[in-house]
Amino acid sequence: MTVHLEVAEGVGTIRLDRPPMNALDIATQDRLKELAEEAARRDDVRAVVLYGGAKVFAAGADIKEMRQLDHAGMVRRSGALQESFTAVARIPKPVVAAITGYALGGGCELALCADFRIAGDNAKLGQPEILLGLIPGAGGTQRLARLIGPSKAKDLIFTGRHVRADEALAIGLVDRVVPADEVYAQAHAWAAALSRGPALALRAAKESVDAGLETDLTTGLAIERTWFASLFATEDRERGMESFVKDGPGKAKFL
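The following refers to the structure shown. (Residues numbered from 1 in each chain as written. Predicted model: local features only at pLDDT ≥ 70, side-chain atom pairs only at ≥ 80, totals over all residues. Heavy atoms only, no water.)

**Some remarks on the overall build of the protein**
Across its full length, the protein carries 11 helices and nine strands. Oriented by its inertia axes, the alpha-carbon framework of the protein measures out at about 60 × 40 × 35 Å. The buried share of the protein, taken over its 255 residues, is 44%. Excluding contacts between residues fewer than 6 apart, the proportion of contacts in the protein whose partners are at least 24 apart in sequence is 69%. Entry remark: accessible area of the protein is about 13,200 Å², with carbon and sulfur atoms responsible for 57%. Positive and negative side-chain charges in the protein, numbering 32 and 34 respectively, have mean positions lying 1 Å apart. (Helix = DSSP H or I, 4+ residues; strand = E, 2+ residues; numbered from the N terminus. Buried < 20%, exposed > 50% of the residue type's maximum accessible area, 1.4 Å probe, protein only. Contact = heavy atoms within 4.5 Å. Areas by Shrake-Rupley, 256 points an atom, 1.4 Å probe, with all protein chains shown as cover. Lys, Arg positive; Asp, Glu negative; His and termini not counted. Charge placed at Lys NZ, Arg CZ, Asp CG, Glu CD.)

Here it is as structure tokens:
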């Protein structure tokens, strides 16, 4: 298998394993979707790390495989391609991308599906599809623009250039830069801390933010209001408030 799901202490690591560059061929895309959906279902997975290994996150699509597809073939395949990445974006739990080395093309698009991105100081990110006479096809034109703004997204997409970790941090493409050999440990620590939090409230927060970004402010506020009120029916809310009253803020322990 070219993608694995490893679970320990509430954290599920979705690990790309297609050396040397973790090229995202069709089999890998389909497996990624399968494991993202599994991580979403499993009660023992409360947070997720996306990881490609110590040397590279994912250098993009398998160009040799892609070259064999004509227009009709890509019309049939493009929906499944996007669905594999969307399955990651829709995991209703905190997701962090641990980025080492190259995250290009589909690799960058996969990182965009996470809620938070920790990059090694050796990371290089970009959307170089234009250099193949193409555009990003797994969400890059949409998620990148929503994350860093349309002008910066167009710069990366129009030129196909790579950005180093420091520039990626400056433009908001990644959220933290650390030494390359600390990337996974720090990403796992981020996920582990959230895995001990209130699962339903975290899901509500993620879905409120994500759904709200897709609509107008009035509708977004309605989404927030509905989730906010619904949490008053949960044990986590009772536990959190009781702990606050008895012991002060930040000491609640959630199941």
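More follows now that the structure is in view.
**As for the side chain of Gln127**
By secondary structure assignment, the location of Gln127 is in the loop between strand S7 (124-126) and helix H5 (140-148). Gln127 gets classed as buried once you look at its relative accessible area, which sits at 1%. A distance of 3.4 Å separates the side chain of Gln127 from the backbone oxygen of Gly105, its partner in a polar contact. (Polar contact = N/O pair within 3.5 Å; in protein donor to acceptor, adjacent residues only side chain to side chain.)

**Topic: the packing of aromatic side chains**
Tallying each qualifying case throughout the model produces three aromatic pairs. Plain terms: the ring middles of Tyr51 and Tyr184 are 4.7 Å apart, the flat faces sit at 35 degrees to each other, and that makes the pair tilted. Pair noted here: Tyr51 is in strand S3 (residues 47-51) and Tyr184 is in helix H8 (residues 183-195), with a separation of 133 residues, a long-range link. Between Phe116 and Trp190, the ring centres sit 5.1 Å apart and the planes meet at 5 degrees, which makes this aromatic pair stacked. (Phe/Tyr/Trp six-rings, centres within 6.5 Å; stacked < 30°, edge-to-face > 60°.)

**Concerning the sheet that holds strand S9 (residues 176-178)**
Read from one edge of the open sheet, six strands run S1-S2-S3-S4-S6-S9, paired in mixed fashion. Two strands close off the open sheet at either side, each with one partner strand: strand S1 (3-8) and S9. Adjacent strand axes in the sheet meet at a mean angle of 20 degrees when their direction is disregarded. As judged from the five bridges shared by strand S2 (residues 11-16) and S3, these two strands associate in the parallel manner. Its bridge partner being in S3, Val11 is matched across the sheet by Ala47. (Pairing = 2+ DSSP bridges. Axes fitted to C-alpha atoms, helices over the stretch in contact; angles between N-to-C directions.)

**Details of the pattern of salt bridges**
Evaluation of the coordinates by the stated rule reveals 14 salt bridges. The closest approach of N and O atoms between Arg42 and Asp44, which form a salt bridge, is 2.8 Å. Its relative accessible area of 38% is what places Asp44 among the partly exposed residues. If you follow the salt bridges from partner to partner, you end up with Arg18, Asp25 and Asp62 in one network. (Salt bridge = Lys/Arg side-chain N within 4 Å of Asp/Glu carboxyl O.)

**Side note on the packing of helix H9 (residues 199-213) against helix H10 (residues 217-230)**
Angle between the axes and distance between the axes: these two values describe a pair of packed helices. As a packed pair, H9 and H10 sit with axes 9 Å apart at the nearest point and diverge in direction by 170 degrees. Relative to H10, H9 is oriented roughly antiparallel. Judged by residue contacts, Arg203, Ala204, Glu207, Ser208, Ala211 and Gly212 of H9 engage Gly220, Ile223, Glu224 and Trp227 from H10. Of the residues that constitute the contact of H9 with H10, the class distribution is four nonpolar, three polar and three charged. (Parallel < 35°, antiparallel > 145°, perpendicular 65-115°, else oblique. Nonpolar A, V, L, I, M, F, W, Y, C, P; charged D, E, K, R; others polar.)

**So, the pairing of S1**
Looking at chain direction, S1 and S2 are connected through six bridges and run antiparallel. The residue of S2 that forms the bridge with Ala8 is Val11. Linkage of S1 to S2, two consecutive antiparallel strands, is achieved through a turn of two residues, within which Glu9 is found at a positive phi near 55 degrees.

**Re the sheet that holds strand S8 (residues 162-164)**
The pairing of strands in a sheet comes from backbone hydrogen bonds and takes either a parallel or an antiparallel form. If you walk across this open sheet you meet the three strands as S5-S7-S8, and the pairing is mixed. In the strand order of this sheet, the two ends are held by strand S5 (102-104) and S8, each with one partner. In this sheet, adjacent strand axes meet at a mean angle of 20 degrees when their direction is disregarded. Looking at chain direction, S5 and S7 are connected through three bridges and run parallel. Bridge pairing in S7 links Tyr102 to Lys124.

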